[in-house]
Amino acid sequence: MKIKATILAVSAAALLAACSQPAADKAPAADTASTAPVELKAPAGVYVMDPTHASLQWSIPHNTISNYTARFNKFDAKITLDPANLANSTVEVSIDPTSVDANYPGDYTGTHAATGFKSWSEDIARNKNFLNAGAFPQITFKSTKVELTGPRTAKVTGDLTFLGVTKPVTLDATFNGEIEKHPFMQVPAIGFAAEGKFKRSDFGMPVGPVGDETTIRFDAEFLQQVAPAAAAPAA
């Protein structure tokens with residue numbers, strides 16, 4: 001990857017300007033290297049998430065003394081990439097709330113028999129005070145704006161639909177890298193991570209002994225979606 005060569009021209013112009021005015025009037029030159037976007041080699045197109053190399057976690061404050069963390073095991077994401085103008089790129093994510101994994105090691109039925117659920121994961125997924133998956137079987141995020149903040153970073157704003165409520169949420173995204181040809185799939189691949197926060201109460205979820213602010217963290221590799229080869233004409 002390389003930073004655009006225009007940085008050299010900007011630096012030269014800044015040096016000439018500094019020599020032409022008194023020292024007291026010199027203004028600090030802008031650090032264009034910190035914001036110039038990385039030039040991507042990945043071709044434009046649709047990239048689909050590789051589920052074997054993806055992670056989606058969430059955490060909330062618990063009893064004001066720790067952060068309780070869990071994850072989703074079933075979700076999908078798609079990026080429509082415009083390497084010539086990354087601000088035109090889009091991302092879509094869909095999550096199956098029944099796939100929540102709380103990794104609860106205790107005897108849940110023994111300590112929470114009154115809930116009627118067989119596990120803490122099932123309680124979070126099905127309970128009407130939590131994800132209420134029976135009424136809302138899907139959580140989605142669709143980007144509406146991508147704003148570059150650095151060579152490898154951007155703020156991605158989109159519509160989060162959760163518990164039947166749709167509200168804007170902004171994620172801090174990082175471009176982790178690319179490979180021109182995946183070693184097994186033989187197609188271009190890219191990697192992104194994103195993190196953001198929102199309040200559960202904004203989407204109608206009751207707030208009890210755990211905190212309101214939810215942090216989400218997403219990491220994944222994406223493979224370019226290649227159209228299937230056209231069938232050979234019949235003889």
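For clarity, every value in this text was computed on a predicted model and none was experimentally measured.

A. Representation of the overall build of the protein chain. Within the protein chain, the secondary structure is distributed over three helices and ten strands. Listed by position from the N terminus, the elements making up the protein chain come as α-β-β-β-β-β-α-α-β-β-β-β-β. Across the 235 residues in the protein chain, those meeting the buried criterion constitute 34%. At a minimum sequence separation of 6, the contacts of the protein chain that also span at least 24 residues come to 55%.

B. Geometry of unusual backbone geometry. The phi dihedral of Asn103 falls on the positive side, at around 50°, and the residue is not glycine. Here Asn103 is to be found in the loop between strand 5 (100–101) and helix 2 (108–111). By relative accessible area, Asn103 is classed as exposed at 66%. One non-glycine residue, Asn132, lies in positive phi territory at about 45°. Looking at where Asn132 falls in the secondary structure, it is placed in the loop between helix 3 (120–126) and strand 6 (139–148).

C. Summary view of the nonpolar core. Counting 46 residues, the largest nonpolar core has Phe72, Phe162 and Phe222 as the members making the most contacts within it. The element contributing the most residues to this core is strand 1 (residues 45–62), with six residues. What Phe162 contacts, discounting residues up to four positions off in sequence, is Leu131, Ile139, Phe198, Phe203 and Met205.

D. Molecular detail of the environment of Asp107. Looking at the secondary structure, you find Asp107 in the loop between strand 5 and helix 2. Within polar-contact distance, the side chain of Asp107 engages the side chain of Thr109 at 3.3 Å. Looking at Asp107, its side chain comes within polar contact range of the main-chain nitrogen of Gly110, at 3.1 Å.

E. Local environment of the packing of aromatic side chains. Overall, the coordinates contain ten aromatic pairs when judged by the stated rule. Of the aromatic side chains, those joined through ring pairs into one cluster are Tyr104, Tyr108, Trp120 and Phe130.

F. Region of interest: the side chain of Gln224. Tracing the backbone through its elements, the reader meets Gln224 in strand 10 (residues 213–224). Owing to a relative accessible area of 17%, Gln224 belongs among the buried residues under this scheme. Ignoring anything within four residues of it in the chain, the contact list for Gln224 reads Pro43, Ala44, Val46, Tyr47, Val187 and Pro188.

G. Region of interest: the pairing of strand 1. Pairing between strand 1 and strand 3 (residues 75–81): four bridges, direction antiparallel. The residue of strand 3 that forms the bridge with Val48 is Lys78. Where strand 1 lies against strand 2 (residues 66–72), seven bridges are found, and the strand directions are antiparallel. Residue pairing across strands places Pro61 opposite Asn67, the latter belonging to strand 2. What sits between strand 1 and strand 2 in their antiparallel hairpin is a turn of three residues, with Asn63 showing a positive phi close to 55°.

Scoring rules and cut-offs
- Residues numbered from 1 in each chain as written.
- Predicted model: local features only at pLDDT ≥ 70, side-chain atom pairs only at ≥ 80, totals over all residues.
- Heavy atoms only, no water.
- Helix = DSSP H or I, 4+ residues; strand = E, 2+ residues; numbered from the N terminus.
- Buried < 20%, exposed > 50% of the residue type's maximum accessible area, 1.4 Å probe, protein only.
- Contact = heavy atoms within 4.5 Å.
- Core = buried A, V, L, I, M, F, W, Y, C linked by side-chain atoms within 4.5 Å.
- Polar contact = N/O pair within 3.5 Å; in protein donor to acceptor, adjacent residues only side chain to side chain.
- Phe/Tyr/Trp six-rings, centres within 6.5 Å; stacked < 30°, edge-to-face > 60°.
- Pairing = 2+ DSSP bridges.

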